[in-house]
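Observations on chain architecture
The chain contents come next:
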Amino acid sequence: MLLKRARDLTRTGQRELADGKLAAAETSFRAALAEWDQIVPKPPERARTLDELGSCLKAQCRLDDAIKCLQEALVIHRSSSGTDNKTNTGLTLYELGICLKAQNRWDDAIECLKEALVIHRSSCHDEANTAMTLHALAQCLMENATSLGEAEGLLKESLAIENKLTPINEVRRAETLHELGRCLSNERKLTEAERLLRQSLS
């Protein structure tokens, strides 16, 4: 009964989150966690609810609370096994990196995103998440002028993946073109930078 209720509340929260009903989603996720916490031992599924609550809190710009949830979820993911759980670990690390990036905690964000990238690259069916992580990691590296070359390489790799995805996410591709143009501009590669920036607007 507790297990079913926790799962149902998590699904309800997911629907509310998708509809932009952030306060309602938070309430559902917290109610689901209260159900999970009554189950002994606590099941690994609890991590999914923590991930969702973290996303909900991030959407409300409550980054410290989001980071706390994601870190707790990460501990659970790391202690579990299986291919799906490895993917979940990568996704949680990505979300954690994005929250840290939003707080300008560049070194911490880079550490999380690099670990997420290793996981996503190891899966032959995870190209979209790989491209997404490459993009975010490059943005962090661009904050350090000595890392522009590395950032350029990551953005080019992200763009190459995005060009192969079906269907192509044109918004994401335009964002990567823009960031790559900005990176090249900072490297004083102005002709190529202008070409890419114009392409990002077309």
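For the structure itself, consult the block above.
So, here's what we can say about the structure.

Definitions and limits used
- Residues numbered from 1 in each chain as written.
- Predicted model: local features only at pLDDT ≥ 70, side-chain atom pairs only at ≥ 80, totals over all residues.
- Heavy atoms only, no water.
- Core = buried A, V, L, I, M, F, W, Y, C linked by side-chain atoms within 4.5 Å.
- Buried < 20%, exposed > 50% of the residue type's maximum accessible area, 1.4 Å probe, protein only.
- Contact = heavy atoms within 4.5 Å.
- Helix = DSSP H or I, 4+ residues; strand = E, 2+ residues; numbered from the N terminus.
- Polar contact = N/O pair within 3.5 Å; in protein donor to acceptor, adjacent residues only side chain to side chain.
- Expected span 1.5 Å × (residues − 1).
- Salt bridge = Lys/Arg side-chain N within 4 Å of Asp/Glu carboxyl O.

A short note on the nonpolar core
Formed by 56 residues in total, the largest nonpolar core has its most connected members in Tyr94, Leu96, Leu137 and Leu154. In this view, tyrosine 94 contacts Leu113, Ala116, Met132, Thr133 and Ala136; residues no more than four positions away in its chain are not counted.

Focus on the side chain of glutamate 35
Here glutamate 35 lies in helix 2 (residues 22-36). Of the polar contacts made by the side chain of glutamate 35, one reaches the side chain of arginine 5; its length is 3.4 Å. With residues near it in sequence (within four places) discarded, glutamate 35 still touches Leu2, Arg5, Ala6 and Leu9.

What about helix 4 (residues 63-79)?
With 17 residues, helix 4 ought to run about 24 Å at 1.5 Å a step, and its terminal C-alpha atoms sit 24 Å apart, in line with that. Residues of helix 4 that are buried include every one of Leu63, Ala66, Ile67, Cys69, Leu70, Ala73, Leu74, Ile76 and His77, and no others.

Some words on the pattern of salt bridges
The tally for this structure, following the rule as stated, stands at 22 salt bridges. For aspartate 37, the salt bridge identified is with lysine 42, shortest N-O distance 3.8 Å. Residue classification places aspartate 37 among the partly exposed positions, given a relative accessible area of 35%. Taking the shortest distance from any N to any O, the salt bridge between glutamate 72 and arginine 46 comes out at 2.8 Å. Linking glutamate 72 in helix 4 with arginine 46 in helix 3 (residues 46-59), this pair joins segments that are 26 residues apart in sequence. For glutamate 72, a relative accessible area of 34% translates into the label partly exposed. Within this structure, Glu26, Arg30, Arg62 and Asp65 form a network of salt bridges that share partners.

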